[in-house]
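Overview (structure and organization)
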Amino acid sequence: MQALAIEVTGLQKKFGSHVVLDGIDLAVPTGSVFALLGPNGAGKTTLINILTTLLTPDKGSVKVAGYDVIEQRNEVKRSISLTGQFAAVDEVLTCEENLFMIGRLSGLTSAEARKRSSELIMRFDLADAARKRVKTYSGGMRRRLDLAISLIVARPVIFLDEPTTGLDTHSRRALWDIILQLADQGITVFLTTQYLEEADQLADKIAVISDGRVIASGTPEELKSRVGGEVIELITSNDEVFRSVPTSGRIHDVQQALTELLGSVPQDTRVNLRRPSMDDVFVALTAKEKEISLS
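Residues numbered from 1 in each chain as written. Predicted model: local features only at pLDDT ≥ 70, side-chain atom pairs only at ≥ 80, totals over all residues. Heavy atoms only, no water.

Here the focus is the sheet that holds strand β8 (residues 188-192). Reading across the sheet, the six strands line up as β6-β7-β8-β3-β9-β10 and stay open at both edges, with mixed pairing between neighbours. Each edge of the sheet is formed by a strand with only one pairing partner; in this case those strands are β6 (80-83) and β10 (213-218). Averaged over neighbouring strand pairs, the angle between their axes works out to 15° when direction is ignored. Note: strand β9 (residues 205-210) against β10, five bridges, orientation antiparallel. The residue bridging Val 208 from the neighbouring strand is Ala 216, located in β10. Contacting β3 (33-37), β6, β7 (157-161), β8 and β9, helix α1 (residues 44-51) crosses the sheet at an angle of about 150° to β8. Sheet contacts for helix α5 (residues 139-150): β6 and β7; angle to β6, the most-contacted strand, approximately 165°. (Pairing = 2+ DSSP bridges. Helix = DSSP H or I, 4+ residues; strand = E, 2+ residues; numbered from the N terminus. Axes fitted to C-alpha atoms, helices over the stretch in contact; angles between N-to-C directions. Contact = heavy atoms within 4.5 Å.)

Dropping the structure here:
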């Protein structure tokens, strides 16, 4: 059985009378990329804050890198790195100075901090800007530096809370490559993201939470299979998709769906069949959960 880097059982957290996390169970294998998805307010950041010892759970068992987040808090801290939603870098300092400073604060000698800084500058493609003040950096460069800082001392578990929010496509994909390299080295990456394609491309396993509960979990393919075999898209003459309908993929179901749909759309509407995406999964699961909560 594969060792677990993160184990969560029956986790509950309230703020006043508001239940934010309501019985969360998670199991994250060592060396994997785990993605946590959910709408705003679902409890993603609260969960990350508990896993990284910034908040104390009300109930349940939580272990990270084999350590209990309450009883062995210091051991957990020494086993993790956290990159939040906003780059935590000193804009007045250069890239080199930021990395060196964090290295020294993390207990490295001056020589060790300089060596590690140089390694990370090359690894994160920051050499050309290493001696420029961070305030001149683009959003993608700041994000790369922020992630480099979190790796100044090797940790077995890394938490990334929406690390690519606001980045352009090129910068986002560059960070994807880095995240996959970390997993290849045996580092466990726990990722929250707004981008469903990101979870699809990176994650070995995904959990979807809504209203503080896990409503689905599995590999990307397992979650997609829950939506259906094929998705019918109705496309306007301007090449805009204005409706998507999941089906089982069976001929009878596809034919029946088309019969129902095409009677109420313009004659120039085009039809496309495609495999379900993580967007379809997310919409279907959260919509179903909303229906249940309202019933």
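Another point: the environment of Ile 102. Within the fold, Ile 102 resides in helix α3 (residues 95-105). Under the relative-accessibility criterion, Ile 102 is labelled partly exposed at 22%. C-alpha of Ile 102 to C-alpha of Pro 57: the two residues are 45 residues apart in sequence and 29 Å apart in space. Those residues in contact with Ile 102, other than ones at most four positions away along the chain, are Ile 149 and Ile 152. (Buried < 20%, exposed > 50% of the residue type's maximum accessible area, 1.4 Å probe, protein only.)

The next subject is the side chain of Ser 79. Summarising the element assignment, Ser 79 is placed in the loop between α2 (73-77) and β6. Each residue touching Ser 79, except ones within four places of it in the same chain, is listed here: Ala 65, Tyr 67, Arg 155, Pro 156 and Val 157.

On to the packing of α3 against α5. A packed helix pair is summarised by two numbers, namely the angle formed by the two axes and the spacing between the axes. Look at α3 against α5: their axes get within 9 Å of each other, and the N-to-C directions meet at 20°. Of the possible angle classes, the one that applies to α3 and α5 is roughly parallel. For the pair α3 and α5, the crossing hand works out as right-handed. Contact residues: α3 offers Cys 95, Asn 98, Leu 99 and Ile 102, while α5 offers Leu 145, Ala 148 and Ile 149. Considered class by class, the residues forming the contact of α3 with α5 number six nonpolar, one polar and no charged. (Parallel < 35°, antiparallel > 145°, perpendicular 65-115°, else oblique. Left-handed = near helix turned anticlockwise from the far one by under 90°. Nonpolar A, V, L, I, M, F, W, Y, C, P; charged D, E, K, R; others polar.)

A few words on the domain arrangement of the protein. Structurally, the protein comprises domain 1 (4-220) and domain 2 (225-294). Put simply, the middle of domain 1 and the middle of domain 2, counted by C-alpha atoms, are 35 Å apart. Contacts between the two partners involve 13 residues from domain 1 and, on the opposite side, seven residues from domain 2. Together domain 1 and domain 2 conceal approximately 970 Å² of surface at their shared face, both sides included; 71% is due to carbon and sulfur atoms. At the boundary of domain 1 with domain 2, the tally comes to zero salt bridges. For the pair domain 1 and domain 2, the interface holds zero residue pairs in polar contact (both at pLDDT 80 or more). For the side of domain 1 that touches domain 2, the elements supplying multiple residues, two or more each, are α7 (196-202), β9 and β10. In terms of residue count, the dominant contributor to the side of domain 1 that touches domain 2 is β10 (four residues). (Domains from an automatic or database assignment. Buried area = accessible area lost by both parts, 1.4 Å probe. Salt bridge = Lys/Arg side-chain N within 4 Å of Asp/Glu carboxyl O. Polar contact = N/O pair within 3.5 Å; in protein donor to acceptor, adjacent residues only side chain to side chain.)

We now examine unusual backbone geometry. Even without being a glycine, Thr 53 presents a positive backbone phi close to 70°. Inspection of the secondary structure puts Thr 53 in the loop between α1 and β4 (59-64). Here Thr 53 falls in the buried class, since its relative accessible area comes to 4%.

Here the focus is the packing of aromatic side chains. Applying the stated criterion across every chain, the model contains two aromatic pairs. Both rings, one in Phe 34 and one in Phe 190, keep their centres 5.3 Å apart while their planes meet at 25°; by these two values the pair is stacked. Of the two residues, Phe 34 is situated in strand β3 and Phe 190 in strand β8; the sequence distance between them amounts to 156 residues. Across the pair, exposure class does not vary: Phe 34 and Phe 190 are buried alike. Taking 5.5 Å as the distance between ring centres and 50° as the angle between the ring planes, the aromatic pair formed by Phe 159 and Phe 190 counts as tilted. In this pair, Phe 159 sits in strand β7 while Phe 190 sits in strand β8, placing the two residues 31 residues apart along the sequence. Joined through ring pairs, the aromatic side chains of Phe 34, Phe 159 and Phe 190 make up one cluster. (Phe/Tyr/Trp six-rings, centres within 6.5 Å; stacked < 30°, edge-to-face > 60°.)

So, on to the sheet that holds strand β12 (residues 241-247). With antiparallel pairing, the three strands of this open sheet are ordered in space as β12-β11-β13. The sheet terminates laterally at β12 and β13 (270-274), the two strands that pair on one side only. Here the average twist between neighbouring strands, direction ignored, is 20°. Note: strand β11 (residues 230-235) against β13, five bridges, orientation antiparallel.

Counted under the stated rule, the structure contains seven salt bridges. One salt bridge in this structure joins Arg 143 and Asp 146, with 2.9 Å as the shortest N-O distance. Highlighted residues: Arg 143 and Asp 146, both in helix α5, separated by three residues, approximately one helical turn. Side by side, Arg 143 and Asp 146 carry an identical accessibility label, which is buried.

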